[in-house]
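Chain by chain, the residues run as shown.
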Amino acid sequence: MARSANTSKKLFTIGYEQTPVRAVLDELEQARVKLVVDVRAVSASRRPGFSKNQLAAELDERGIAYIHLRGLGTPKEGREAARAGKYDMLHRIYAKHLKTLQAKEQLDELCALVVKSGPVCLLCYERDHRHCHRQWIAEIIEDREGAVVENLVAKQV
């Protein structure tokens, strides 16, 4: 798929569920992402290569910056709702979470990053963006900054 040449206000999202780190990195590189914003509440992962320090090092080797905005992560009860497939409950929990001071501040920080550091990609675990809080973050950024959102999907193993 051809990518747009105008990537100044481009916001990508990607989930790494069932995907090897190399495939995610390749997808990010192909999309010409300059900054990955990790929006997981917990930046540790059982999947090889996706814990914060490992991921940041791998991205750096490809010339992609990394930042972790923990305050935009889903609270524990939201993650539990998602695992149970209760996406309406997840949405309610996350909407409440976005009203916290930390989430508001980090959402403002993310808006500024999209404008000045683009193209940016939101990273989380869930493969399907429709069942992940990163989709709601992307919609907010789209409304606030006029960013064009594209959901990336890396090859599964």
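In case you missed it, the structure is sitting above this.
Residues numbered from 1 in each chain as written. Predicted model: local features only at pLDDT ≥ 70, side-chain atom pairs only at ≥ 80, totals over all residues. Heavy atoms only, no water.

Visitor: Mind showing me how you'd approach the packing of helix α5 (residues 101-117) against helix α6 (residues 133-145) here?
Guide: If you want to describe how two helices pack, look at the angle between their axes and the distance between the axes. Closest axis-to-axis distance for the α5/α6 pair is 10 Å, and the angle between their directions is 65 degrees. Here the hand of the crossing between α5 and α6 comes out right-handed. Together, L107, D108, L110, C111, V114 and V115 of α5 and I137, I140, I141, R144 and E145 of α6 make up the contact between the two elements. A breakdown of the residues in the contact of α5 with α6 according to their chemical character gives eight nonpolar, no polar and three charged. (Axes fitted to C-alpha atoms, helices over the stretch in contact; angles between N-to-C directions. Helix = DSSP H or I, 4+ residues; strand = E, 2+ residues; numbered from the N terminus. Left-handed = near helix turned anticlockwise from the far one by under 90°. Contact = heavy atoms within 4.5 Å. Nonpolar A, V, L, I, M, F, W, Y, C, P; charged D, E, K, R; others polar.)

Visitor: Just checking my understanding: could you explain the pattern of salt bridges for this structure?
Guide: Oppositely charged side chains may form a pair once their charged atoms are brought near each other. Taken as a whole and assessed by the stated rule, the structure comprises seven salt bridges. Across the salt bridge formed by E29 and R62, the nearest N and O atoms sit 3.1 Å from each other. Here the residue E29 occupies a position in helix α1 (residues 21-30), and R62 occupies one in the loop between α2 (52-61) and β3 (65-68), the gap between them amounting to 33 residues. Under the relative-accessibility criterion, E29 is labelled partly exposed at 40%. Put simply, R22, D26, E29 and R62 are held in one network by salt bridges that share partners. (Salt bridge = Lys/Arg side-chain N within 4 Å of Asp/Glu carboxyl O. Buried < 20%, exposed > 50% of the residue type's maximum accessible area, 1.4 Å probe, protein only.)

Visitor: What should I look at first to understand the sheet that holds strand β4 (residues 120-124) in this one?
Guide: On the basis of which strands lie adjacent, the open sheet formed by five strands has the order β3-β2-β4-β1-β5 and parallel pairing. The open sheet has two edge strands, β3 and β5 (148-151), and neither has a second partner. Strand-to-strand twist of the sheet, defined as the mean angle between neighbouring strand axes without regard to direction, takes the value 25 degrees. Sheet topology note: the strand β1 (residues 10-15)/β5 ladder contains four bridges and is parallel. Bridge pairing in β5 places T13 opposite N151. Contacts between α1 and the sheet are confined to β1, β2 (35-38) and β4, with β1 contributing the most and set at about 170 degrees to the helix. Contacts from α5 reach β1, β2, β3 and β4, with the element oriented near 135 degrees to β4. (Pairing = 2+ DSSP bridges.)

Visitor: Just checking my understanding: could you explain the side chain of R134 for this structure?
Guide: Structurally, R134 can be placed in helix α6. Here E126 takes part through its backbone oxygen, which lies 2.6 Å from a polar atom of the side chain of R134. Residues contacting R134, with those up to four places away along its chain left out, are T13, I14, G15, V39, L122, C124, E126, R127, D128 and H129. (Polar contact = N/O pair within 3.5 Å; in protein donor to acceptor, adjacent residues only side chain to side chain.)

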